[in-house]
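Residues per chain, in single letters:
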Amino acid sequence: MAVLLPVISIEPMRMSDLDAVRAIDGRCYPSPWYKNAYVTELTNRSASYIVAREGDKIVGYAGQWTIMDEAHITTLAVDPARQGRKIGERLLITLMEEALYRNASHISLEVRESNRIAQSLYRKYGFEAKALRKHYYTDTDENAVVMWANDIHLPAFQKMLAERREELETLYRQRHSR
Ligand SMILES: CC(C)(COP(=O)(O)OP(=O)(O)OC[C@H]1O[C@@H](n2cnc3c(N)ncnc32)[C@H](O)[C@@H]1OP(=O)(O)O)[C@@H](O)C(=O)NCCC(=O)NCCS
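Residues numbered from 1 in each chain as written. Predicted model: local features only at pLDDT ≥ 70, side-chain atom pairs only at ≥ 80, totals over all residues.

Draft legend 1. The pairing of strand β2 (residues 47–54), seen in detail. Summarising the sheet, strand β1 (residues 9–12) and β2 pair through 4 bridges and their orientation is antiparallel. Looking at the pairing, P12 lines up with I50 of β2. Two strands pair when backbone bridges link them, and β2 and strand β3 (residues 57–67) are joined in this way by 8 bridges, in the antiparallel orientation. Bridge assignment links I50 to a residue of β3, and that residue is A62. Hairpin connection between β2 and β3: a loop of 2 residues separates the two successive antiparallel strands, and G55 in this loop has a positive phi of roughly 65°. (Pairing = 2+ DSSP bridges. Helix = DSSP H or I, 4+ residues; strand = E, 2+ residues; numbered from the N terminus.)

Given below as structure tokens:
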């Protein structure tokens, strides 16, 4: 049976969201960020952080920064109880649109070598593995795969992004009109 896509809104992250964001962070990662790290990021003008809200509950969040023509995804997570419902994908599309709005041409990220689910999501959006950073994650001594999506400013990439957003919106409308 098809999973019902939740009604979510994607909004800028606010200081008042941090407890809920950190609760998800703690459920998704072995070493969640300290609150101060988020506070610093929320005051960083090169950065943009967003949350996915379902009703009054935060169910996911993500962040990126853009400097010159390069963007970097710093974090992306969905509440484990709400995964598999296209929330991660909608957050990623919004991050990439924000990077484009800020004139990025390339976007990178690090992901744990064992994290096949996230790598599959990133590959779907044009990211390719370009390097391995050995022992990057000190908590588990795991390697990081460095992934890049290049030339995201080109029309072909922006078309793909717009089509994916449209597909998700159509899927959402179909599932909610039944
Ligand atoms: C990675 C993560 C953000 C994906 O979010 P999600 O809302 O569960 O994923 P979505 O429903 O949007 O799925 C989008 C794509 O992700 C991949 N994916 C999601 N669940 C998957 C699964 N169980 N197995 C394989 N691929 C999967 C697929 O490519 C999927 O596209 P498809 O449905 O067309 O196959 C989420 O699993 C998560 O928060 N994980 C823990 C934190 C984390 O690892 N963050 C990334 C750090 S770099």
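Having seen it, we continue.
Draft legend 2. Helix α3 (residues 87–101), seen in detail. Under the 1.5 Å per step criterion, the end-to-end length of α3 is 21 Å for 15 residues, consistent within 8% with the ideal 21 Å. Burial in α3 covers these residues: I87, G88, R90, L91, L92, L95, M96, E98 and A99. N103, located one to two residues past α3, shows a positive phi value of around 70°. (Expected span 1.5 Å × (residues − 1). Buried ≥ 20, exposed ≤ 12 C-beta atoms within 10 Å, placed from the backbone.)

Draft legend 3. Representation of unusual backbone geometry in the model. Even without being glycine, K86 reaches a positive phi, approximately 70°. Checked against the element boundaries, K86 lands in the loop between β4 (70–78) and α3. Judged by local crowding, K86 falls into the partly exposed class, with 18 C-beta atoms found within 10 Å. Even without being glycine, D151 reaches a positive phi, approximately 55°. The residue D151 is located in the loop between β7 (142–149) and α5 (155–176) in this model.

Draft legend 4. Geometry of the site of the ligand. Taken together, 18 residues are adjacent to the ligand, and Q83, G88, E89, S120 and L121 come closest. Mapped by element, the contributors of at least two residues to the shell around the ligand are β4, α3 and α4 (116–124). The element contributing the most residues to the shell around the ligand is α4, with 5 residues. Of the residues assigned to the shell around the ligand, the class counts are 9 nonpolar, 5 polar and 4 charged. (Near = placed C-beta within 6 Å. Nonpolar A, V, L, I, M, F, W, Y, C, P; charged D, E, K, R; others polar.)

Draft legend 5. Examining the nonpolar core more closely. In this structure, V21, Y61, L91 and I107 are the most contacted members of the largest nonpolar core, which totals 35 residues. Mapped by element, the contributors of at least two residues to this core are α1 (18–28), β2, β3, β4, α3, β5 (106–112) and β7. No other element matches the 6 residues that α3 contributes to this core. With residues up to four places along the chain from it excluded, the contact list for L91 reads I10, I50, A52, G60, A62 and L76. (Core = buried A, V, L, I, M, F, W, Y, C linked by C-beta atoms within 7 Å. Contact = placed C-beta atoms within 7 Å.)

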